[in-house]
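Residues per chain, in single letters:
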Amino acid sequence: MADRIPVLIVAGFLGSGKTTMLNHLLRNNRGTRIGVVVNDFGAINIDSMLVAGQVDAMVSLGNGCVCCAVDVTELDELFTRLAQPRANIDVIVVEASGLAEPRNLIRMVVGSDNPRIRYGGLVEVVDAEQFPETRERHPELLTHLRLADLVVVNKADRVAAAELDTLRGEIAELVGTVPVYATTRGRIDPGLLFDEPLRETPRVAEQLSFDELLADHDHDGDHEHRHLHDDYTSVSFTSERELDPRRLVGFLEDPPPGLFRAKGFAAFGVAAERRKFVLHMVGRHIVFEPGAWRRGEPRTSRLVLIGAGMPADAALSRLRETVHTADEFLDEQAMLGVWRYTPH
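Here the structure is a predicted model, which is why all the values come from computation and not from measurement.

Analysis parameters
Residues numbered from 1 in each chain as written. Predicted model: local features only at pLDDT ≥ 70, side-chain atom pairs only at ≥ 80, totals over all residues. Heavy atoms only, no water. Phe/Tyr/Trp six-rings, centres within 6.5 Å; stacked < 30°, edge-to-face > 60°. Helix = DSSP H or I, 4+ residues; strand = E, 2+ residues; numbered from the N terminus. Lys NZ or Arg CZ within 6 Å of the ring centre and 35° of its normal. Axes fitted to C-alpha atoms, helices over the stretch in contact; angles between N-to-C directions. Parallel < 35°, antiparallel > 145°, perpendicular 65-115°, else oblique. Contact = heavy atoms within 4.5 Å. Nonpolar A, V, L, I, M, F, W, Y, C, P; charged D, E, K, R; others polar. Salt bridge = Lys/Arg side-chain N within 4 Å of Asp/Glu carboxyl O. Buried < 20%, exposed > 50% of the residue type's maximum accessible area, 1.4 Å probe, protein only. Lys, Arg positive; Asp, Glu negative; His and termini not counted. Polar contact = N/O pair within 3.5 Å; in protein donor to acceptor, adjacent residues only side chain to side chain. Core = buried A, V, L, I, M, F, W, Y, C linked by side-chain atoms within 4.5 Å. Pairing = 2+ DSSP bridges.

Asks: What exactly am I supposed to notice about the packing of aromatic side chains here?
Replies: The description of an aromatic ring pair rests on the distance of the ring centres and on the angle between the ring planes. Applying the stated criterion across every chain, the model contains four aromatic pairs. Pairing F265 with W293 gives two aromatic rings, centres 6.1 Å apart and planes at 85 degrees, and the pair type is edge-to-face. Of this pair, F265 sits in strand β10 (residues 259–266) while W293 sits in the loop between β12 (285–291) and β13 (301–308), placing them 28 residues apart in sequence. A network of ring pairs unites the aromatic residues F268, F277, F288 and W339 as a single cluster. One Lys or Arg, K276, reaches over the ring of F265 and ends 4.3 Å from the middle of that ring.

Printed below as a string of structure tokens:
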């Protein structure tokens, strides 16, 4: 499960800034190898790509990333090609524009038989300035927002601060606890969307390339627009005492506001259950996979929560409440909630 490649779906109406966001991720990915799937090469204006108009091809973008133009009927076949180990891809990003309804794409990924991929979430990009007009013109936008695991309010610099607050409030009312992330020029921290890989060679005393220096500068020096970029929050939780599966499932089913992803593994205080349960959660999609602890590995639960605007202290204190503190083991019935989210 840990090795499965997340498939992230990016949706949003024309002009919302999806392509700008994809370009930003490709340029600031800190070594992540991204497979980008679009249905029109012409729409992706990446400097190094002089291939507009090519169809049904995979084009290398350098830095290990590839770009593919595809018809929605060929998506499954393409996932197979991108997920094979020799492609060395860390994350697949599907731009949903014109490909299909987000709902169908989610179904396709969640229901895929491919053992090497997993659902990485639906990110809905909206234009802060055009939102009221777009909502009027495309009532289906509300359905898309309700399906989203993360809403990115782009072009936040085009509206006044008070207007942005009102807009975020309106969206939050529609989407509930789903994180709403405001940004300009599609700048979103890759760490919110996917894990940046731990490459085998440590980058000790390695000279930074000009691009990396630029990325660092871009990341740290943007003071004047700082208030227009939300930061993501990451919360780590470790417990040497076993967890109560009912309480953990209750926490995941009613997550803290702003939580986008959760990952890790858990040991449960259930008499007959000594396995290690790997957890992956994106939005409302929860998966537990039972596996074995490595020889000599302590039965310690470790969880990481990642979100935008997530109240870290409150989330952590709620996680502490999932620890099983009684001396006697729980009975097997306590595992029912976990089995509901275990692939069969």
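Alright, that's what it looks like, and here's the rest.
Asks: Whenever I open this one, the packing of helix α3 (residues 102–110) against helix α5 (residues 140–147) confuses me. Can you help?
Replies: When two helices pack together, their arrangement is captured by the angle between the axes and the distance separating the axes. Contact geometry for α3 and α5: axes closest at 10 Å, N-to-C directions at 30 degrees. In this view, α3 runs roughly parallel relative to α5, as classed from their interaxial angle. Facing P102, R103 and I106 of α3, the residues of α5 in contact are T143, H144 and L147. Taken together, the residues of the contact of α3 with α5 sort by class into three nonpolar, two polar and one charged.

Asks: Whenever I open this one, the pattern of salt bridges confuses me. Can you help?
Replies: Close approach of charged atoms allows side chains with opposite charge to pair. According to the stated counting rule, one finds 14 salt bridges in the structure shown. K155 is the salt-bridge partner of D127, the closest N and O atoms lying 3.2 Å from each other. Of this pair, D127 sits in strand β6 (residues 117–127) while K155 sits in the loop between β7 (150–154) and α6 (161–175), and the two are 28 residues apart along the sequence. Residue class for D127 comes out buried when judged on its relative accessible area of 8%. Take K155: its relative accessible area is 17%, and that puts it in the buried class. With a closest N to O distance of 3.0 Å, D195 and K263 form a salt bridge. With D195 in the loop between α7 (190–193) and α8 (210–220) and K263 in strand β10, the pair connects residues that are 68 residues apart, well separated along the chain. One salt-bridge network, held together by shared partners, links D195, R261 and K263.

Asks: Quick question: what am I supposed to make of unusual backbone geometry here?
Replies: Phi is mostly negative for residues that are not glycine, and the peptide bonds are mostly trans. Located in the positive-phi region is N88, a residue other than glycine, with phi close to 60 degrees. Mapping N88 onto the fold places it in the loop between α2 (75–83) and β5 (91–95). We classify N88 as partly exposed; its relative accessible area is 39%. Of note in the backbone geometry, K155 takes a positive phi value of approximately 60 degrees without being a glycine.

Asks: How should I be thinking about the side chain of D149 in this particular structure?
Replies: With respect to the secondary-structure elements, D149 resides in the loop between α5 and β7. One buried charged residue, D149, remains without a salt bridge, the closest side chain of opposite sign being R284 at 4.4 Å. A distance of 2.6 Å separates a polar atom in the side chain of D149 from a polar atom in the side chain of Y119. A distance of 2.7 Å separates a polar side-chain atom of D149 from the backbone nitrogen of L122. In this structure D149 touches Y119, G121, L122, V178, P179, F260, V282, G283, R284 and H285, once residues within four positions along its chain are discounted.

Asks: Could you clarify how one ought to interpret helix α1 (residues 18–27) in this entry?
Replies: Side chains three or four residues apart in an α-helix point the same way, a direct result of the helix having 3.6 residues per turn. For α1, the tally of buried residues reaches eight of 10 residues, placing the bulk of the element in the interior. Where α1 is buried, its residues meet β1 (5–11), β2 (34–38), β5, β6, β7 and α7.

Asks: Quick question: what am I supposed to make of the nonpolar core here?
Replies: Side chains of nonpolar character tend, in soluble globular proteins, to be buried together. By size, the foremost hydrophobic cluster in this structure holds 41 residues, and its most contacted members are I92, V151, V153 and I171. Per-element accounting of this core gives the leading share, five residues, to α2. One finds A262, L303, M310 and A334 within the second-largest nonpolar core, a separate group that totals 29 residues.

Asks: What exactly am I supposed to notice about the pairing of β2 here?
Replies: Put simply, side chains in a regular strand alternate between the two faces of the sheet. Burial of β2 is extensive: five of the five residues sit out of reach of the surface. As judged from the four bridges shared by β2 and β5, these two strands associate in the parallel manner. Bridged to V36 within β5 is V93.

Asks: Looking at this structure, how should I read the sheet that holds strand β11 (residues 276–282)?
Replies: Within the open sheet, the five strands sit side by side as β9-β13-β10-β11-β12. Their pairing is antiparallel. Since the sheet does not close on itself, it has two edges, and those belong to β9 (232–239) and β12, each with one partner. Neighbour to neighbour, the strand axes of the sheet diverge by 10 degrees on average, direction disregarded. Where β10 lies against β11, six bridges are found, and the strand directions are antiparallel. Paired with A262 across the strands is M281, a residue of β11. Packed onto the sheet, helix α10 (residues 312–320) meets β9 and β13 and runs at close to 25 degrees relative to β9.

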